[in-house]
Amino acid sequence: MADVMTPEQRSRCMAAVKGKDTKPEMIVRKYLFSSGLRYRVNNRKLPGSPDIVLKKYKTVVFVDGCFWHGHEGCKYFRLPKTNVDFWRHKIAMNIARDYANNVDLKLAGWNVIRIWECEIKAKARREKTLERLYRNITNHGYTIPDLPASSDGSIAAEPSVPYGED
Ligand SMILES: [Zn+2]
């Protein structure tokens, strides 16, 4: 697979993400799909239930909401004016859990990519973010061969992960 898309491929990909569903996660999924990558979504067997799992590239992708995951300095991360301590604590717990999930996934051999929703929401940053994501997925130097059974390039089998549920 080519590591860098041609201009036509790229514009096709960007066209694909201009659909009606503007949820950041859906935009990312559409982009990856139109770039020829195949994946599973919301895999609950992996730590943190990654939004997108690309088994072939041993890569998981999270699209993190800026509020819930505490994107420091981001305009989407503003603590409510009431119950500040509650929200501060809750978001600190989320950040700690994200960190623990990253560690667990990396220990199990996964390449972990996290994207902030603001990097997708802002149109000016979207294209660069998506291109960087594509490169990070395809260029990180570790791929596993296609499964023999998958003739269409999709992954038919449940990913077998050396990681138990806890
Ligand atoms: Zn943000």
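Think of each chain on its own: its residues are numbered from 1, step by step along the sequence as written. Residue-level local features of this predicted model are given only where pLDDT is at least 70; pairs of side-chain atoms are given and counted only at 80 or more, and the full residue set underlies all totals for whole chains, interfaces and linings.

The next point concerns the overall build of the protein chain. Helix numbering and strand numbering both begin at the N terminus, where a helix is a DSSP run of H or I of at least 4 residues and a strand a DSSP run of E of at least 2. Helices and strands together make up the secondary structure of the protein chain, namely five helices and four strands. Secondary structure elements in the protein chain, listed N-terminal to C-terminal, are α-α-β-β-β-α-β-α-α. Contact between residues is assigned whenever the C-beta positions, reconstructed from backbone atoms, fall within 7 Å. A sequence separation of at least 24 residues applies to 58% of the contacts in the protein chain between residues at least 6 apart.

The subject of this paragraph is the sheet that holds strand β2 (residues 52-54). The strands that make up a sheet are held in pairs by hydrogen bonds between backbone atoms, and each pair lies either parallel or antiparallel. Pairing is mixed across the open sheet formed by four strands, whose spatial order is β1-β2-β3-β4. Edge positions in the sheet fall to β1 (40-41) and β4 (111-116), since each has one partner strand and no second. Two strands pair under a simple rule: DSSP has to find at least two bridges between them. Two strands pair when backbone bridges link them, and β1 and β2 are joined in this way by two bridges, in the antiparallel orientation. Pairing of V41 across the sheet is with I52, part of β2. The axes used here are C-alpha line fits, helices contributing only the stretch in contact, and every angle between their N-to-C directions lies in the interval 0 to 180 degrees. Strands in contact with helix α5 (residues 123-138) are β2, β3 (59-64) and β4; relative to β4, the strand with the most contacts, it is inclined by about 175 degrees.

This part covers the confidence of the model for the protein chain. Confidence of the predictor in every single residue is expressed as pLDDT, which spans 0 to 100. Residue-level pLDDT values for the protein chain average 83, and 76% of them are 70 or greater. Taken together, the stretch residues 149-166 has pLDDT below 50 and engages in 23 contacts with residues farther than four places along the chain or on a different chain.

In this structure, V28, I52, L54, V60, V61 and I115 are the most contacted members of the largest nonpolar core, which totals 25 residues. Of all elements in the fold, only α2 (24-34), β2, β3, β4 and α5 reach the threshold of two or more residues within this core. For I115, the residues in contact, after removing those within four places along its chain, are V28, V61, V63, D64, I120, T129 and L133. Remark: nonpolar core denotes a set of buried Ala, Val, Leu, Ile, Met, Phe, Trp, Tyr and Cys residues whose joining runs through C-beta atoms within 7 Å. Whether a residue is buried, exposed or partly exposed is read from the other C-beta atoms within 10 Å of its own C-beta, which are placed from the backbone; 20 or more gives buried, 12 or fewer gives exposed, and intermediate counts give partly exposed.

This part takes up the pairing of β3. In regular strands, side chains alternate between the two faces of the sheet. Counting buried positions along β3 yields six of six residues, so the element is predominantly enclosed. Alternating positions in β3 separate into two faces, T59, V61 and V63 on one and V60, F62 and D64 on the other, with burial throughout. Looking at chain direction, β2 and β3 are connected through three bridges and run antiparallel. Each bridged residue has a counterpart across the sheet, and for L54 the counterpart in β3 is T59. Hairpin connection from β2 to β3: four residues lie between these consecutive antiparallel strands, with K58 at a positive phi of about 50 degrees. Sheet topology places β3 next to β4; six bridges connect them, and they run parallel. Bridged to D64 within β4 is W116. Assignment of crossover handedness uses the view with strands pointing away from the viewer, where a clockwise path from the first strand over the helix to the second indicates a right-handed crossover. The β-α-β motif built from β3, the intervening helix α3 (residues 84-107) and the parallel element β4 has right-handed crossover chirality.

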